[in-house]
Amino acid sequence: LNGIDTVLHQAALRSVPRSVDDPISSNDVNATGTLELLMAARAAGARRVVYASSSSVYGDSKIFPQKESHPTSPLSPYAVSKLAGENYCRVFSKTFGLETVSLRYFNVFGPRQNPESKYAAVIPKFIESASLGRPLEVHGDGKQSRDFSHVYNVARANLLAASAPSSVARSGQVFNIACGETHSLVEIIRILERIFGAKLHIGKTPSRAGDVRKTRADISSARKTLGYEPSVGFEDGLKMTVAWFLGNKNPRLLLTSTEGKQ
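Residues numbered from 1 in each chain as written. Predicted model: local features only at pLDDT ≥ 70, side-chain atom pairs only at ≥ 80, totals over all residues. Heavy atoms only, no water.

(A) Structural context of the packing of aromatic side chains. Under the definition given, this model contains six aromatic pairs. Look at Phe109 and Phe148: their rings are 6.3 Å apart centre to centre, the planes differ by 80 degrees, and that puts the pair in the edge-to-face class. On the criterion of sequence distance, the pair formed by Phe109 in strand S4 (residues 108-109) and Phe148 in the loop between strand S6 (145-146) and strand S7 (149-150) is long-range, its members being 39 residues apart. Pair check on accessibility: Phe109 and Phe148 agree, each one buried. Among the aromatic residues, those joined into a ring-pair cluster are Phe109, Phe148 and Phe234. Positioned above the aromatic ring of Tyr58 is the side chain of Arg104, whose terminal nitrogen or guanidinium carbon lies 4.9 Å from the ring centre. Lying across the ring of Phe64, Lys214 places its NZ or CZ 4.4 Å from the centre. (Phe/Tyr/Trp six-rings, centres within 6.5 Å; stacked < 30°, edge-to-face > 60°. Helix = DSSP H or I, 4+ residues; strand = E, 2+ residues; numbered from the N terminus. Buried < 20%, exposed > 50% of the residue type's maximum accessible area, 1.4 Å probe, protein only. Lys NZ or Arg CZ within 6 Å of the ring centre and 35° of its normal.)

(B) Focus on the pairing of strand S3 (residues 99-105). Within S3, seven of the seven residues are buried, leaving the element largely enclosed by the surrounding structure. Both faces of S3 are covered, namely the face carrying Glu99, Val101, Leu103 and Tyr105 and the face carrying Thr100, Ser102 and Arg104. Here seven bridges tie strand S2 (residues 48-54) to S3, and the two strands are oriented parallel to one another. From the neighbouring strand, Tyr51 faces S3, where its bridge partner is Ser102. Each parallel crossover has a hand, and for S2 linked through helix H3 (residues 77-94) to S3 it is right-handed. (Pairing = 2+ DSSP bridges. Right-handed = clockwise from strand over helix to strand, strands pointing away.)

(C) Representation of the nonpolar core in the model. With 25 residues, the main nonpolar core has Leu103, Phe175, Ile177, Leu226 and Tyr228 as its most contacted residues. When residues of this core are traced back to their parent elements, those giving at least two are S2, S3, helix H5 (151-163), helix H6 (166-169), strand S8 (174-177) and helix H8 (220-226). In terms of residue count, the dominant contributor to this core is H5 (five residues). Excluding residues that lie within four positions of it along the chain, Leu103 makes contacts with Val50, Tyr51, Ala52, Ser53, Ser54, Ala157, Asn158, Ala161, Phe175, Ile177 and Leu226. (Core = buried A, V, L, I, M, F, W, Y, C linked by side-chain atoms within 4.5 Å. Contact = heavy atoms within 4.5 Å.)

(D) A look at the packing of helix H4 (residues 122-131) against helix H7 (residues 185-196). As a packed pair, H4 and H7 sit with axes 11 Å apart at the nearest point and diverge in direction by 40 degrees. On the basis of the axis angle, H4 is oblique to H7. Of the two possible hands of crossing, H4 and H7 adopt the one that is right-handed. Note on element contacts: H7 touches H4 through Leu185, Ile188, Ile189, Leu192 and Phe196, opposite Val122, Phe126, Ile127, Ala130 and Ser131. Tallied by class, residues from the contact of H4 with H7 come to nine nonpolar, one polar and no charged. (Axes fitted to C-alpha atoms, helices over the stretch in contact; angles between N-to-C directions. Parallel < 35°, antiparallel > 145°, perpendicular 65-115°, else oblique. Left-handed = near helix turned anticlockwise from the far one by under 90°. Nonpolar A, V, L, I, M, F, W, Y, C, P; charged D, E, K, R; others polar.)

(E) Structural detail: the sheet that holds S8. Read across the open sheet, the four strands follow the order S1-S2-S3-S8; overall the sheet is parallel. Both edges of this open sheet fall to strand S1 (6-9) and S8, since each of them pairs with a single strand only. Strand-to-strand, the axes of this sheet are offset by a mean angle of 20 degrees, without reference to chain direction. Strand direction decides the pairing type here: S3 and S8, joined by four bridges, are parallel. Among the inter-strand pairings, Arg104 is bridged to a residue of S8, identified as Asn176.

(F) Main features of the packing of helix H2 (residues 23-44) against H3. Put simply, H2 and H3 touch, their axes get as near as 8 Å, and they point 15 degrees apart. By the angle between their directions, the pair H2 and H3 is classed as roughly parallel. H2 and H3 meet at a crossing whose hand is right-handed. Two secondary-structure elements touch here, H2 through Pro23, Ser26, Asn27, Asn30, Ala31, Thr34, Leu35, Leu38, Met39 and Arg42 and H3 through Pro77, Tyr78, Ser81, Ala84, Gly85, Tyr88, Cys89 and Phe92.

(G) A look at the pattern of salt bridges. Considering all chains together, one arrives at 12 salt bridges under this definition. In this structure, the salt-bridge partner of Glu86 is Arg104, at a minimum N-O distance of 2.7 Å. You can see Glu86 sitting in helix H3 and its partner Arg104 sitting in strand S3, a full 18 residues away along the chain. Grouping residues by exposure puts Glu86 and Arg104 together as buried. Linking Arg213 and Asp141 is a salt bridge whose minimum nitrogen-to-oxygen distance equals 2.8 Å. With Arg213 in the loop between strand S10 (202-205) and H8 and Asp141 in the loop between strand S5 (136-139) and S6, this residue pair connects regions lying 72 residues apart in the sequence. A residue is classified by how much of its surface remains accessible, and Asp141, at 35% relative accessible area, is partly exposed. Salt bridges sharing partners connect three or more residues here, namely Asp5, Arg47, Arg48 and Glu99. (Salt bridge = Lys/Arg side-chain N within 4 Å of Asp/Glu carboxyl O.)

As C-alpha cells, then:
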C-alpha cells in the first residue's frame, strides 16, 4: 500500500450458506482481514478505503425499501462479518482519521461469476443450468426476492465513492448500492425463458439456513451524496450476462437461442 492514495477493498469470502458451514473462516477473512487492511492503509498513509459491504447486514427486514438508517440484524456469519467490517471502517474514520466509505451491495451479478461452486450465486447458476438443459435449482417456493444490480452499476459506485468529497468519508458513511427494486426467483426464471425462447425446468430444494426473504434498497442517499444512478436495469443486465456466458467465455455452455448470440 505504500504510495497508494485510495484502496478499493473488494476481497471477501462470500456466500451466506458457505459462512453457515464454516463461520470461522468467514470471520477470519472478512472481519479480521478488513481490520488488517485498515491497519496497513493507515500505516502506509493512504487517504481513503472504499469497503464492499453487503445488504445481508439488514437481516430479514420487514420494512421496505431498506434505508441505511434502519436497524441491522444479521442472520448469518457472513452478514456478521460484513457488519463488523463496516464498524471497523467507521472507527478508523472517527478515531484514526482514515477516510472510509462503505457500500452495501445488493446481490451483484454479471459476467465472470463462477457457476461451478456449490455456493454459486443464483443467476450464473440459473444461466448455466438453462444452457445445459438441466433443472434450475430453486430453494423453497421461489418467491424470495432480491434487489439485483449489474456489476457495471457497482463498479461505477466504487469510482464515485473513491472521488467523493472528504466530508463524506471522514465520518465513515454507508450507502446502499442497488437498483431500488426487487425480483423473485420465479420472475427471473420467466425472464430467462423469454431470453432462451424455451420452457425451463425447475428442481425444488429445501430453503437454506440464513437466507432472507426479501431485499429492496432505498438508494436515495447514494443518489444525493455520491451522484450514483443505476444505468443498467435488471432485465437488460440479465440479457447482457446471458450473452456473455453464451458467447463463449465458458466452452461448456451451449448456445441455445438467437438472442444469446446477440
